[in-house]
Amino acid sequence: EREGAWYTRNVQFSAEQEGYKFQTMQKNWRASWSNYSWVWALDEDADFTMTDLPAFLAYASESKALLAMPAFTQLGNTIKERELVYKVQAPKKPCLYRHVPLIEVIFPLFRPAVLDLILVKCPNCIGKNTTWG
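Description of the structure in this document.

The rules behind these values
Residues numbered from 1 in each chain as written. Predicted model: local features only at pLDDT ≥ 70, side-chain atom pairs only at ≥ 80, totals over all residues. Heavy atoms only, no water. Salt bridge = Lys/Arg side-chain N within 4 Å of Asp/Glu carboxyl O. Helix = DSSP H or I, 4+ residues; strand = E, 2+ residues; numbered from the N terminus. Buried < 20%, exposed > 50% of the residue type's maximum accessible area, 1.4 Å probe, protein only. Polar contact = N/O pair within 3.5 Å; in protein donor to acceptor, adjacent residues only side chain to side chain. Contact = heavy atoms within 4.5 Å. Core = buried A, V, L, I, M, F, W, Y, C linked by side-chain atoms within 4.5 Å. Pairing = 2+ DSSP bridges. Patch = residues over 30% accessible without salt bridge, like charges linked within 9 Å, V, L, I, M, F, W, Y side chains within 5 Å. Areas by Shrake-Rupley, 256 points an atom, 1.4 Å probe, with all protein chains shown as cover.

**Points about the pattern of salt bridges**
Part 1 of the reasoning: All told, the structure shown has two salt bridges when counted by the stated rule.
Part 2 of the reasoning: Residue K21 is joined to D43 by a salt bridge in which the shortest nitrogen-to-oxygen separation is 2.6 Å. Here K21 is found in helix α2 (residues 21–27), whereas its partner D43 is found in the loop between β1 (39–40) and α3 (53–62), with 22 residues between them in sequence.
Part 3 of the reasoning: Looking at K21, the relative accessible area reads 18%, which means it is buried.
Part 4 of the reasoning: Salt-bridge contacts for K121 lead to D116; the nearest nitrogen and oxygen are separated by 2.6 Å.

Dropping the structure here:
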């Protein structure tokens, strides 16, 4: 619901265009994003209705991470459809946060300084025909 009250209160900027997410972010980069604690690169079909987002953001900040992503499960009708590509993405009950060797590009959360490095200061970090360079 993009015109609803929640969206108006919580989303300061969004952009949509056909193609890859990071090329869209590169095209729409704003220096003013450095005023934010985080910039979230969401896929359009991310569903956080059962997620405590304030807690997630607090844990991400507490971790001192420069790049973060919530653990998640995959919806699907079969076990195969619900299987995650990377097992480290699955929730692990005792963990508030954990350090892992990679994150999926489905919905990463970035510190603005990191995005500035990737999108502005490294012209070849984002390829023209791939998600990453």
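There is more to say, and it comes next.
**Considering the side chain of K21**
Part 1 of the reasoning: Here the side chain of K21 touches D43 through a polar contact of 2.6 Å, side chain to side chain.
Part 2 of the reasoning: The contacts of K21, once residues within four sequence positions are left out, are A41, L42, D43, V105, I106, F107 and P108.

**Here we look at unusual backbone geometry**
Part 1 of the reasoning: At K64, a residue that is not glycine, the phi angle is positive and equals roughly 65°.
Part 2 of the reasoning: If you trace the backbone, K64 turns up in the loop between α3 and β2 (67–68).
Part 3 of the reasoning: Overall, K64 belongs to the exposed group, its relative accessible area being 68%.

**Considerations on helix α5 (residues 112–121)**
Part 1 of the reasoning: Every buried residue of α5 is listed here: P112, V114, L115, D116, I118 and L119.
Part 2 of the reasoning: Tucked inside the fold, the buried residues of α5 contact α2, β1 and β3 (109–110).

**Focus: the nonpolar core**
Part 1 of the reasoning: The biggest cluster of nonpolar side chains holds 13 residues, and the ones touching the most others in it are F22, M25, F110, L115, I118 and L119.
Part 2 of the reasoning: The set of elements that each furnish at least two residues to this core consists of α2 and α5.
Part 3 of the reasoning: Sorting elements by how many residues they give to this core places α5 first, with four residues.

**Some remarks on the environment of Q26**
Part 1 of the reasoning: Summarising the element assignment, Q26 is placed in helix α2.
Part 2 of the reasoning: Along the primary structure Q26 and I118 are separated by 92 residues, whereas in three dimensions their C-alpha atoms are 8.7 Å apart.
Part 3 of the reasoning: For Q26, the contacting residues outside a window of four places in its chain are I118, L119 and I126.
Part 4 of the reasoning: There is a polar contact of 3.0 Å between the side chain of Q26 and the backbone oxygen of L119.

**Looking at the sheet that holds β1**
Part 1 of the reasoning: Spatial ordering of the open sheet is given by β1-β3-β2, a layout of three strands whose pairing is antiparallel. Where the open sheet ends on each side, the last strands, each with one partner, are β1 and β2.
Part 2 of the reasoning: As judged from the two bridges shared by β2 and β3, these two strands associate in the antiparallel manner. Across the sheet, residue A68 finds its bridge partner in β3, namely L109.

**Some details on a nonpolar patch on the surface**
Part 1 of the reasoning: Together, V85, Y86, V88, V100 and L102 make up an exposed nonpolar region whose accessible area comes to about 390 Å².
Part 2 of the reasoning: If you trace the backbone, L102 turns up in the loop between α4 (79–82) and β3.

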